[in-house]
Amino acid sequence: MLKDYSFDQTAVQTFDDHVALALKTEDLQVYYGNNHAMHDANLAFPKNQITALIGASGSGKSTYLRSLNRMNDTIATVTGKIWYHGVDINQPDVNIYEIRRHIGMVFQRPNPFAKSIRENIIYALRATGIKDKKVLNQRVEQSLKGAALWDEVKDTLDKSALALSGGQQQRLCIARSIAMEPDVLLLDEPCSALDPISTVKVEETLLELQKKYTIIIVTHNMQQAARISSQCAFFHLGHVMEYAPTATMFSTPKIQVTQDYVSGSFG
Amino acid sequence: MNAKRKDLLATIIIDVIVATVVGILVFLLAYILISGLPHVSWSFLTGSADSFSGAGGIGVQLFNSFYLLILTMLISIPISLGAGIYLAEYAKDNWRTRLIRSAIEVLSSLPSVVVGLFGFLLFVVKFKIGFSVISGAIALTFFNLPLLTRNIEESLSAVSRSQREAGLSLGLSKWKTEIGIILPVALPGIVTGVVLSAGRVFGEAAALIYTAGQSAPVTNFADWNPMDAASPLNPLRPAETLAVHIWKVNTEGLASNAAQLSAAASAVLIIAVLLFNLFARVLGNYLYRRVTASK
């Protein structure tokens, strides 16, 4: 039986002015129809770090993540502010297609296009107006190297991406996202459909990628959060309960519900 | 009865049903081919029919059938593609789209004779186009559209939502995602729909009697300028198709060998449909391989 935890007591860290932030939300609310799925999310994400969003199923962490690049636009109502480079991008007149090029996303299940490996990466690039073959080939190589997939696929770039293994497909999806040269990379449980060996590879890739990108990753795997993230936010039933450096959160959680979750009492 | 026996019984029943269906199909095909093929000759395939007795070859009719089919497809594929994409991707679920959907269903259950008479009154008489290939093609488009639209909508809807999310998350517009990513994946399903509707169009007679007409004026196959009256490509000339020809020979034919003529024409019709299906499949597979880079 899940205990009734009070939502009044939360412990959400804020950052000093000298910490460079990639993204910040203010009083973010998400409604699915009448269902209030996310309450007052006030989170700031430091640049070039991995932030993990953890919590049980239905805690709102994926909902929150998908709001950050406006992927929830058609299915939910999102109010509040999302600050990105001094602009509130949660406004109706913001160009969402432009936003999504700066804030990339990788999904739970690998979803490569039914195209060749090369086409998977350059299709969206070409749509942005890059036509030069040399530039495109360069981006293919760079992004595949960035996602630690280059050595495995460099000889089969024109083969179908669907022939790759699940782990390779997921790294291709990461490569496809970073080929757009985004600032922020959002990952929604990227390893939940992968085996442990593929998971290790994706995690190593992410640790490498944080040098260039700000990464926000949703995971239901606490070990994974502990392994790769610097900051960690704990979500519970649509509320952000605690947000702290990962080491602190796992060793000395400030509130009861976090303590119970990280010690495995529920979730 | 235990589970194993039930399973065995069910399997037997299913086998019998399948065998019956396949048997009927094979019997029909064999009957038509065996009774028709002996009367098919090169001069029959290329010669022109005597418009009064119905005797002679079916060259012009065969050409008319293909020409009409291609013209119909040229008109109906773009329209149904647009409608299918709209219904699958853009239409919100409200009373208006429900109305559109029911209208499509009604249109698909319209008897072809009614479509033919409508085409006759509107295009042939009112617009004064006369019995012509183009009148026939537009009439056929009418009952081709609902099938194709439905088929395209369903093929598109069957593509996983995660593909759409992938496209959108890369900053692609909805339209670009739809055309560049979803459509190629849905292509095999769409080709199947086109093949099925092509078979219907090819075999259609009732709607064409009143629109494309029952006469096949001798055409000059050396003249490929669509503007010339005698050119086979002229869309404004009357064009009796193979299916209409079979109907005419059987009902009005004065030739002594009318039965053999119609049997031979039927065999040619069936073979033409089979060949067209084969061609469409090969083309569809080729396109699919090109766009998806799969083997």
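Residues numbered from 1 in each chain as written. Chains lettered and ligands numbered in written order. Predicted model: local features only at pLDDT ≥ 70, side-chain atom pairs only at ≥ 80, totals over all residues. Heavy atoms only, no water.

As recorded by an unreviewed UniProt entry, chain B carries the name Phosphate transport system permease protein PstA and is attributed to Levilactobacillus acidifarinae DSM 19394 = JCM 15949. The record held by UniProt for chain B lists under Subcellular location (unreviewed entry) the comment "Cell membrane". (UniProt positions renumbered as here; feature names shortened; annotations may be inferred.)

Per an unreviewed UniProt entry, chain A goes by ABC-type phosphate transport system, ATPase component and derives from Levilactobacillus acidifarinae DSM 19394 = JCM 15949.

**Quick word on the overall build of chain B**
Scanning chain B for helices and strands turns up 11 helices and 0 strands. Taken over the C-alpha atoms alone, chain B extends approximately 65 × 60 × 40 Å along its principal axes. Looking at chain B residue by residue over its 295 residues, the buried ones come to 41%. Sequence-distant contacts in chain B: of pairs separated by 6 or more residues, those separated by 24 or more amount to 74%. When the 21 positive and 15 negative side-chain charges of chain B are each reduced to one mean point, those points stand 9 Å apart. (Helix = DSSP H or I, 4+ residues; strand = E, 2+ residues; numbered from the N terminus. Buried < 20%, exposed > 50% of the residue type's maximum accessible area, 1.4 Å probe, protein only. Contact = heavy atoms within 4.5 Å. Lys, Arg positive; Asp, Glu negative; His and termini not counted. Charge placed at Lys NZ, Arg CZ, Asp CG, Glu CD.)

**Quick word on the UniProt feature "transmembrane region" (unreviewed entry) in chain B**
The sites that carry the UniProt feature "transmembrane region" (unreviewed entry) are, in the present numbering, residues 12-34, 66-87, 99-123, 129-148, 179-198 and 258-280 of chain B. Annotation note: span residues 99-123 of chain B, helix share 88%, strand share 0%, distance between end C-alpha atoms 26 Å.

**Considering the UniProt feature "domain: ABC transporter" (unreviewed entry) in chain A**
Mapped onto this structure's residue numbering, the UniProt feature "domain: ABC transporter" (unreviewed entry) falls at residues 23-262 of chain A. Its end C-alpha atoms 26 Å apart, residues 23-262 of chain A is made of 38% helix and 27% strand.

**Points about the nonpolar core**
L144, I174 and L206 of chain A are the most contacted members of the largest nonpolar core, which has 104 residues in total. In terms of residues, this core owes the most to one element, helix α8 (residues 174-203) of chain B, which gives 9 residues. Core analysis: the next-biggest nonpolar cluster, separate from the first, contains 31 residues, F45, A76, V78 and Y84 of chain A among them. (Core = buried A, V, L, I, M, F, W, Y, C linked by side-chain atoms within 4.5 Å.)

**Some thoughts on the pattern of salt bridges**
Under the definition given, this model contains 20 salt bridges over all chains. Salt-bridge contacts for R101 of chain A lead to E98 of chain A; the nearest nitrogen and oxygen are separated by 3.6 Å. With R101 of chain A and E98 of chain A both in helix α2 (residues 96-102) and 3 residues apart, the pair spans about one turn of that helix. The partly exposed category is assigned to R101 of chain A, whose relative accessible area is 23%. In this structure E98 of chain A comes out as partly exposed when scored by relative accessible area, which is 34%. The salt bridge partner of E240 of chain B is K248 of chain B, with a shortest N-O separation of 3.3 Å. Members of the salt-bridge network, linked through shared partners, are R101, E105, R150 and E153 of chain B. (Salt bridge = Lys/Arg side-chain N within 4 Å of Asp/Glu carboxyl O.)

**Points about the packing of helix α3 (residues 59-90) of chain B against helix α6 (residues 133-157) of chain B**
All names here are of chain B. Taken N-terminus to C-terminus, the directions of α3 and α6 make an angle of 35 degrees; their axes are 6 Å apart at the nearest point. Helix-helix and strand crossings are classified by hand; for α3 and α6 the assignment is right-handed. For the contact of α3 with α6, the per-class residue count stands at 21 nonpolar, 9 polar and 1 charged. (Axes fitted to C-alpha atoms, helices over the stretch in contact; angles between N-to-C directions. Left-handed = near helix turned anticlockwise from the far one by under 90°. Nonpolar A, V, L, I, M, F, W, Y, C, P; charged D, E, K, R; others polar.)

**Comments concerning the packing of aromatic side chains**
A complete count under the given rule lists 13 aromatic pairs over all chains for this structure. Seen from their ring centres, F123 of chain B and F142 of chain B are 6.3 Å apart, and the 25 degrees between their planes marks the pair as stacked. Remark: F142 of chain B occurs in helix α6 and F123 of chain B occurs in helix α5 (residues 112-126); sequence separation between them is 19 residues. Residue F123 of chain B is classed as buried on the basis of its relative accessible area of 7%. Ring pairs connect the aromatic residues F15, F45, Y64, F235 and Y243 of chain A, which therefore count as one cluster. One Lys or Arg, R176 of chain A, reaches over the ring of F113 of chain A and ends 4.3 Å from the middle of that ring. (Phe/Tyr/Trp six-rings, centres within 6.5 Å; stacked < 30°, edge-to-face > 60°. Lys NZ or Arg CZ within 6 Å of the ring centre and 35° of its normal.)

**A word on helix α1 (residues 61-68) of chain A**
In terms of residue burial, α1 of chain A counts as a mostly covered element, since 7 of its 8 residues are buried. Once α1 of chain A finishes, R70 of chain A follows within two positions and takes phi at roughly 65 degrees, a positive value.

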